[in-house]
Amino acid sequence: MAASELYTKCARVWIPDVEEVWKSAELTKDYKNGDTSLQLMLEDGTNLEHTLDPKTRNLPYLRNPDILVGENDLTALSYLHEPAVLHNLKVRFIDSKLIYTYCGIVLVAINPYETLPIYGTDIINAYSGQNMGDMDPHIFAVAEEAYKQMARDERNQSIIVSGESGAGKTVSAKYAMRYFATVSGSASEANIEDKVLASNPIMEAIGNAKTTRNDNSSRFGKYIEIGFDNRYRIIGANMRTYLLEKSRVVFQADEERNYHIFYQLCASSHLPEFKNLQLSNANNFLYTRQGRSPVIEGVDDSKELGTTRNAFSLLGINESYQMGLFQVLAAILHLGNVDIKDRDSDSSLIPPNNHHLTKFCELVGVTYEDMAQWLCHRKLKTATETYIKTLPRLQATNARDALSKHIYAKLFNWIVEHVNKALITNMKQHSFIGVLDIYGFETFEINSFEQFCINYANEKLQQQFNMHVFKLEQEEYMKEQIPWTLIDFYDNQPCINLIEAKMGILDLLDEECRMPKGSDDSWAQKLYNTHLKTCSLFEKPRMSNCAFIIQHFADKVEYQCEGFLEKNKDTVNEEQINVLKASKFDLLVELFLDEGKATSPTGQPAGSGGRTRLSLKPEKSRDNSSKEHKKTVGCQFRNSLQMLMETLNATTPHYVRCIKPNDFKQAFSFDPKRAVQQLRACGVLETIRISAAGFPSRWTYQEFFSRYRVLMKQKDVLSDKKLTCRNVLEKLVEDQDKYQFGKTKIFFRAGQVAYLEKLRADKLRAACIRIQKTIRCWLARKKYMRMRDAAITIQRFTRGYQARCLAKFMRRTQAATVIQKYQKMYVARKRYREKQKAALAIQTILRAYMARQKYKALLREHMVVIIQKHARGWLARRWYKRCLSSIVYLQCCLRRMRARRELKKLKIEARSVEHFKKLNKGMENKIMQLQRKIDEQTKENKSVNERLTGLENTYTTESERLRGELGRLRGVEEEARSKGNQVNCLLEELEKLRKELCTTQQEKKTIEDWAQTYKGEMEKMVSELKDQNGLLKKEKDDLNRLIQEQSQQMTEKMARTIAAETQQLETDLNEERSRYQNLLTEHLRLEEKYDDLKEHISKPGHRRTDSTHSSNESEYTYNSEFAESEEGSRAAEDLTRGMDTSLTLKLQKRLTELEQEKQSLRNELENKEEQFQRTRARDESEFKKARGAELEYESLKRQELESENKKLKHDLAEMRKSLLGGAAASSGAPGSPAYKVLLDQLNSSCEELEVRKEEVLILRSQLVSQKEAMQHKDEKETMTEVAVHVEDISKLKDADELKQAYIGLKDTNRSAAPDFQKLNEDGELWLVNQGLKETIRLLEHQLQTQRRSYDSEVESLRGELQNVKEENNRQQQLLAQNLQLPPEARIEASLQHEITRLTNENLDLMEQLEKQDRTIRKLKKQLKVYSKRIGEMGAGQAEGQTSPGQMVDEPVHPVNIPRREKDFQGMLEYKKEDELKLVKNLILELKPRGVAVNLIPGLPAYILFMCLRHADYVNDEKKVRTLLTSTINSIKKILKKRGDDFETISFWLANTCRFLHCLKQYSGDEDFMKHNTSRQNEHCLSNFDLTEYRSVISDLAIQIYQQLIKCMENTLQPMIVSGMLEHETIQGVSSVKPTGLRKRTSSIADEGTYTLDSILRQLNAFHSTMCQHGTDPELIKQVVKQQFYVIGAVTLNNLLLRKDMCSWSKGMQIRYNVSQLEEWLRDKSLMNCGAKETLEPLIQAAQLLQVKKKTDEDAEAICSMCLALTTAQIVKVLNLYTPVNEFEERVSVAFIQTIQTRLRDRCETPHLLMDTKIIYPVTFPFNPSSLGLETIQIPSSLNLAFLTRV
């Protein structure tokens, strides 16, 4: 296909643009051959006619398909040209925030001007061991490639970092060195990698400065060689520097600074140690204020000086040397401030007592007069005489500046030399990797000698780069056996010859420097005469005669000749140098030593410092120095550059090209002009051109077949894929020159992949159109059928509706007629009835009116008659009353007169006696009458009383009625009285009543009005009250609801708080466990490292014994025998002789620190765990309260035991008597000696019984005396306290001996023993000394025990005090509540409280009683044990007393007292000498495969515990300790030997856990015994408390678990990425994209490729192995959780670092793979182990790849969905999202910014990757065994026949 055929309508091209360099456009019309222009449309919609060049007729560059944009490798682009490269870099940098891109073998790094989180240790670990094409481009990938090639090819490597100032060269080189330091580690304890990294801040301080383009620009070039040993670990480094910019010391342009070190010193001038330097602000010194920018934003110079000083210290430059360096630097600043004034036109002077010159002389140790003299004068030498010439002010100032530059250059070289000394090593260097950080191509408005040298160096490097690229291309073609055609590439050898060849620019410059009157102008004329006509690369500017132009490979550069000669000579006044050499300052003298006398950077110092001046031949030395002084800077630079090129040519180079995206240091801002300029200058485009000239696109046959299978027909697909690809390509591409077939790849010319992609896209588009057509047809037909059915349904329902409407209308019409009929009838009837009613109403009203009128007339007449009647009656009564009153008055007067007369008569009669008699007689009659009346009254009273009694009964019922009538009667009575008394005034009262009636009516009206008003007010008030009541009720309801809500919220808040605190405590506990377990891992690593060092240092003649313990073993070894320790000390002694003492002491110190830290962490872990057991403190306090009663009970039991002992003694005495009697009776019998023996044994038993009784009493007294220091759970230890003290003493002794043997100090103790024997042959002094030591240790142990007991007692008292306080508060609360109750409820509450209290006390007493019973049972059990021991010892002594003769004479020896023992089953007995055989057969030689597979799970653990039980049963402390120690050491040994075998590790993890569970289950602790059967409880340990050993074995189990996890990770690690990401589990979903020169791992499953099935099979193998070995189910869950975490973390990390994996189809693959893992969990019933949750970040990342990513709703959904991912991870996945097909769309930058805005408030770690090294803290939940020890049988296959079941 012709290239012009690609220029069709809608094809996209690149056209040149002034602003954007290249602009994209789209063809609106097909191009035809012969057309002079193209019709284009820009992206903004503007139409444009692009005219073609009439000469070349070159068409514009075609644009790559969208799916190729953003590729990791630029060579993967189909169209390789400048606009494609620029656009790809811009898309990756701006849209995806990716700063690294491959361009063939070159890594292009764009400076982001922002700190990115992509350089952490996790990123380094992710790139370590990966192929370069498998991960996204990164500086770490280049470093890893160099490291791998160094190890694989045994060839030195170089990383060449170049670029403009400010492009990030120094940072890239720094990160490369950090990668080597992290990955390789150090081969010694000197931390060389830290020193290599520490050299960076030093070199940046003295060699970097702020420029207009970069705040930290390197003003020198450096090449660092990092040395490695044969194991590829860093052993040292060496640095070479090139072309320091000395002119910056004395001059800086605007907005620039001097070297950082000067500003750091000025910023730290306030420090006390810098007071004598007399420094101040940087603006006060000429050399630091010229740039007028003394401060860099965001940089603290004083803090940076601290970093620099720390780096000096790390590299071995002590404080005195550092202060000397700072003194020289301060002197340079003071020298720059020396003011030189004109004396006349030809001379100058320095005023006397110049402050700065005085300070300069003080700092450098020279005299003021000499320095002032030679700053203004110069010595000229001729053949015969010597002249002293004065200097003008300008020349004197230049001489001063030259001296400053020379001093700084010497100081710089001295620092580099000493840095190299610190980085050098004595070990042999096997290989090295060089990192070259050198300046890039530079062109400024004014270019001088520095730019000339820099561009010269870049010409040499570009030539080397071109040759290397050309060589790689040639090797690739030859390897694939395709025809090789010579590729034309730019060769810059003519430009290099112009500079460095004979009569070149440098030669002419050196020649001119040797001329006495040479000048820049004369040198320029020589250049014009020599090269202007002979070399096309050399040009002369039109407007200048003192400049020249060189055509470099990157661009034309115009150089100004002014200053070339001066800078090339680099002259300094020799007399000034001599003055400095005569200095009293040692460091300054050392700076100016000749090179022959200076210390070599790679050798040892020539002397110890001081003033070593010159050799013995001063003349020759001066000649040599003068010759060396005549060597120009250009010559030196050319020689050093030549050496550099030789070094680079001898290594394999790796290229890093740093690009500066803009000149304003803006973050992620891309300037196309600047970028293109640098791409041209750094050779990236040249690489592209070389690649494009050949076959840039390369596909393997499998990848080509997978990608372009859609272009093949079924008949074209053959079994041989290579042949299939050939046939298809011949059909698709007619031009055979457009591709070539290699052995493993197909090579395409530029543009062919785009053509194939176009064909593929067209085919897929046609297929899509067909699919769309069919689907649309189906959808349209389906829609039509739905519409047809709907129409029919609508018609049916419509017609039915219409029919129903017609019927309804007809019914309504008929109903309306009927309704009208009845309605009209109803209206007529209603009207008639209304008229009838109206007529009747009128008649009724009229008749009523007439009747009322008649009635009123009659009523008026009647009323008139009544009034007349009353008026006439009143008049008649008034007349009658008047007559009557007159008559009465007359009668009264007459009767008064008669009465007076009668009175007189009576007075006369009264004076006579008869009258008194008559009177008395009348009185008697009256008294009798009165008496009768009284009697009658009495009877009447009785009857009245009776009647009253009856009335009282009725009164109560009628009282209410009578009260009502009483009022009425009173009214009637009043009315009657008024009528009776007011008859005469009736008329007046009537009138008065009428007036009162009127008044009353008015008052009534007023009252009614007031009542009405009052009623209204009352109703209003009632309504208001009702409203207020409603409001109050509403407020009450709201308050109740609010209170309920608040209570509910408080409850929920408390629940959340409690849950959070619980979770926090669990988290803290897990962190403590993790720290402790990590420390164990570190301890194990140091232990292994120590063993490796011993193996490495030990010589062939030395033999290592088994007793050489490691540090960890020495910590846990409790029972090493004296002989073993002696043997171990000898072995350690022999080993120590061959070791470096300092290294041994370092290791010992490190191990001691780790042991202390481990112990502290263990204590912290125990404290954390004790927080969950605080509830037991109350039980302990209660036990202490009941301790007194228990002691009393124990005293009673002791008395009972004494009585029982007396009874036994009495029985024995009787038995003795009976035996003596029997012996006397049968003295001649043959068995009489046996009876004597029996009697002796009985006597000895009795004596031993007495001794044991006294011991028991002593122990009991000790128990009473120390009762406050005892704890109720340690009675067993209390009974054997003396033995424990002895054990502690022996333990301390053994530990001390082991430590002495370990550090090689045993000889001292051994040599001291004969001295003691000389002083005292019996060794009494030594024994006394040992006794005193043991006594001191015993007293210390007792003191510590008492201190612990005191602390525990204080803690318990605090707990009791707290309980009392709580009880007091509770009582107060109850009292307050009771006081608020009524008296009856108060009494009831008091009774209820008292009943509750008594019940609690009763329960507490019952609990105490149960505890006392348990204690009594324990004491009884211990008493039985001691009684049995007494019997055994008595029998043993009796046996010992029996002589051998008796044994021979008496064959009937078993006549001893038969000792009645219980049948102790579940124990194994072995001899002491069989212990090594037991360990060897059961641990060291036992293989999990084979014999161990058919055993009971955990059988070795059961056997070891049964042996341990027997040792405990016989109370053999030494045997217990040796067995446990041998077991632990043997397990460590077998795991170290076979640490990479999963089955072995799993087997011993299961057995170690089972052994630990057995120690807990049979420890006798109640918490563990409650899980046992009664038979198992009988098998508990009785004599020894092995709690400390349980801790040791638990640590061992943790170490085995971590080793198991590491072994598992090493097995799974190679499978995870291939199986979870790269392999296509669902075939056909993913499609392969074109790859560049860096080939990625294919996703097609080849032979040997890991798949998901491989991972599942491995997981099945792990699970079945652990189940077969009897691993605890909880432990299996923890292992599976760790496995799934590793799988998820590694997969997610690789996904975040691989752009090619972030696509929609890959998300589907990942989700399918995760579902398979979840199905595996369900099959194994492990869904609740937490493994699924560890995959949540990976699941969410896969979902993120598949969800929509366009709108704000999508952003909100993503934020709510991806809770397990960090913001950095979400943004990274979105940035990396890459469409695989043209039908997918990229994620827009605006959408990513929306996501970042929404996730801004998240609190999370800034790390991008998950930490794959995390190991969850492991726990070993107690898992008791139901297997009885007595039922265990030992298979013969274990070869343990020497064990005897007991």
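Residues numbered from 1 in each chain as written. Predicted model: local features only at pLDDT ≥ 70, side-chain atom pairs only at ≥ 80, totals over all residues. Heavy atoms only, no water.

Caption draft 1: Examining the overall build of the chain more closely. A tally of regular secondary structure across the chain gives 55 helices and 26 strands. Burial status across the chain gives 42% buried among its 1846 residues. Across the chain, every contact between residues at least 6 apart in sequence was considered, and the portion connecting residues at least 24 apart equals 73%. For the chain, the exposed surface amounts to about 103,000 Å²; the carbon and sulfur share of it is 54%. (Helix = DSSP H or I, 4+ residues; strand = E, 2+ residues; numbered from the N terminus. Buried < 20%, exposed > 50% of the residue type's maximum accessible area, 1.4 Å probe, protein only. Contact = heavy atoms within 4.5 Å. Areas by Shrake-Rupley, 256 points an atom, 1.4 Å probe, with all protein chains shown as cover.)

Caption draft 2: Structural context of the packing of aromatic side chains. The tally for this structure, following the rule as stated, stands at 35 aromatic pairs. Centroid distance phenylalanine 93 to phenylalanine 670: 6.1 Å. Interplanar angle 50°. Geometry classified as tilted. Of the two residues, phenylalanine 93 sits in helix H1 (residues 82–95) while phenylalanine 670 sits in the loop between strand S21 (652–659) and helix H22 (672–682), which places them 577 residues apart along the sequence. Take phenylalanine 670: its relative accessible area is 12%, and that puts it in the buried class. Here the aromatic rings of tyrosine 1685 and tyrosine 1816 are separated by 5.4 Å at their centres, their planes lie at 70°, and the arrangement is edge-to-face. Placement of tyrosine 1685 in helix H49 (residues 1673–1696) and of tyrosine 1816 in the loop between helix H55 (1789–1798) and strand S26 (1844–1845) is noted, with a sequence separation of 131 residues between them. By relative accessible area, which is 6% here, tyrosine 1685 ends up buried. Using a relative accessible area of 26% as the deciding quantity, one classes tyrosine 1816 as partly exposed. Through successive ring pairs, a cluster of aromatic residues spans Phe449, Phe452, Trp523, Tyr528, Phe538, Phe548, Tyr559 and Phe564. (Phe/Tyr/Trp six-rings, centres within 6.5 Å; stacked < 30°, edge-to-face > 60°.)

Caption draft 3: Spatial organisation of the pairing of strand S17 (residues 431–437). Burial of S17 is extensive: seven of the seven residues sit out of reach of the surface. Of the two faces of S17, both are covered, the one formed by Ser431, Ile433, Val435 and Asp437 as well as the one formed by Phe432, Gly434 and Leu436. Direction of pairing for strand S8 (residues 157–163) relative to S17: parallel, over a ladder of five bridges. In the strand pairing of S17, glutamine 157 is matched with isoleucine 433. (Pairing = 2+ DSSP bridges.)

Caption draft 4: Expanded view of a negative patch on the surface. A contiguous patch of negative charge on the surface is contributed by Asp1404, Glu1407, Glu1410 and Asp1413. Note that aspartate 1404 resides in helix H39 (residues 1383–1441). Of the residues examined, aspartate 1404 reaches a relative accessible area of 31% and is grouped as partly exposed. (Patch = residues over 30% accessible without salt bridge, like charges linked within 9 Å, V, L, I, M, F, W, Y side chains within 5 Å. Salt bridge = Lys/Arg side-chain N within 4 Å of Asp/Glu carboxyl O. Lys, Arg positive; Asp, Glu negative; His and termini not counted. Charge placed at Lys NZ, Arg CZ, Asp CG, Glu CD.)

Caption draft 5: Expanded view of the state of the cysteines. Taken as a whole and assessed by the stated rule, the structure comprises zero disulfides. Of all cysteine sulfurs, the one in cysteine 495 lies closest to cysteine 535, which takes part in no disulfide; the gap is 7.7 Å. (Disulfide = S-S within 2.5 Å.)

Caption draft 6: Local environment of the confidence of the model for the chain. Within the chain, residue pLDDT values average 77, and 77% of them lie at 70 or more. This stretch, residues 1099–1145, has a pLDDT under 50; its non-local contacts, to residues over four places away or in other chains, come to 91 contacts. Under a pLDDT of 50 for its full length, residues 1436–1462 has, in the predicted model, 20 contacts with residues more than four places off or in other chains. (pLDDT = per-residue confidence, 0-100.)

Caption draft 7: Local environment of the packing of H1 against H22. The interhelical angle for the contact between H1 and H22, taken along N-to-C directions, is 120°, at an axis separation of 11 Å. One finds that H1 runs oblique with respect to H22. Crossing angle aside, the handedness with which H1 passes H22 is right-handed. In contact with Glu82, Val85, Leu86 and Leu89 of H1, H22 contributes Pro672, Ala675, Val676, Leu679 and Arg680. Looking at side-chain class alone, the contact of H1 with H22 contains seven nonpolar, no polar and two charged residues. (Axes fitted to C-alpha atoms, helices over the stretch in contact; angles between N-to-C directions. Parallel < 35°, antiparallel > 145°, perpendicular 65-115°, else oblique. Left-handed = near helix turned anticlockwise from the far one by under 90°. Nonpolar A, V, L, I, M, F, W, Y, C, P; charged D, E, K, R; others polar.)

Caption draft 8: Quick peek at unusual backbone geometry. Within the chain, cysteine 10 stands out as a residue other than glycine whose phi angle is a positive 80°. In this fold, cysteine 10 is placed in the segment before strand S1 (12–17). Positive phi, normally seen in glycine, also occurs at asparagine 1515, with a value near 60°. Topologically, asparagine 1515 is positioned in the loop between helix H42 (1499–1513) and helix H43 (1517–1537).

Caption draft 9: Spatial organisation of the nonpolar core. Formed by 321 residues in total, the largest nonpolar core has its most connected members in Phe180 and Phe548. Leu40, Tyr701, Leu732 and Ala754 belong to the second largest nonpolar core, which has 33 residues in total. (Core = buried A, V, L, I, M, F, W, Y, C linked by side-chain atoms within 4.5 Å.)

Caption draft 10: Looking closely at the pattern of salt bridges. Here the structure, examined in full by the defined rule, presents 43 salt bridges. Lysine 174 is the salt-bridge partner of glutamate 204, the closest N and O atoms lying 2.9 Å from each other. Placement of glutamate 204 in helix H5 (residues 192–207) and of lysine 174 in helix H4 (residues 169–184) is noted, with a sequence separation of 30 residues between them. In this structure glutamate 204 comes out as buried when scored by relative accessible area, which is 15%. The class for lysine 174 is partly exposed, based on a relative accessible area of 23%.

Caption draft 11: Just the sheet that holds S1, in detail. Strand order across the open sheet formed by five strands is S4-S3-S2-S1-S5, with antiparallel pairing between neighbours. If you trace the sheet from one side to the other, it starts and ends with strand S4 (47–51) and strand S5 (61–62), each paired once. In terms of strand pairing, strand S2 (residues 21–27) meets strand S3 (residues 37–42) through three bridges, oriented antiparallel. Note on S3: the bridge partner recorded for alanine 25 is leucine 42. Here H1 sits on the sheet in contact with S1, S2 and S5, set at roughly 100° to S2.

Caption draft 12: Examining the side chain of glutamine 451 more closely. Residue placement: glutamine 451 occurs in helix H13 (residues 449–480). A polar side-chain atom of glutamine 451 sits 3.0 Å from the main-chain amide nitrogen of serine 448. The contacts of glutamine 451, once residues within four sequence positions are left out, are Glu442, Phe444, Ile446 and Tyr559. (Polar contact = N/O pair within 3.5 Å; in protein donor to acceptor, adjacent residues only side chain to side chain.)

Caption draft 13: Representation of the side chain of serine 293 within the structure. Along the chain, the position of serine 293 falls in the loop between helix H7 (286–289) and helix H8 (301–314). At 2.6 Å, the side chain of serine 293 and the side chain of lysine 210 are in polar contact. Setting aside residues no more than four positions away along its own chain, serine 293 makes contact with Lys210, Glu255, Glu256 and Arg257.

Caption draft 14: A look at the sheet that holds strand S23 (residues 739–741). Spatial strand order, S22-S24-S23: three strands in an open sheet with antiparallel pairing. Either end of the sheet is taken by a strand with one partner, and the two such strands are strand S22 (697–700) and S23. Going across the sheet, the axis of each strand differs from the next one's by a mean of 20°, ignoring polarity. Sheet topology places S22 next to strand S24 (residues 745–748); four bridges connect them, and they run antiparallel. Residue pairing across strands places arginine 698 opposite phenylalanine 747, the latter belonging to S24. On the sheet, H13 packs against S22 and S24 and is oriented at approximately 130° with respect to S24.

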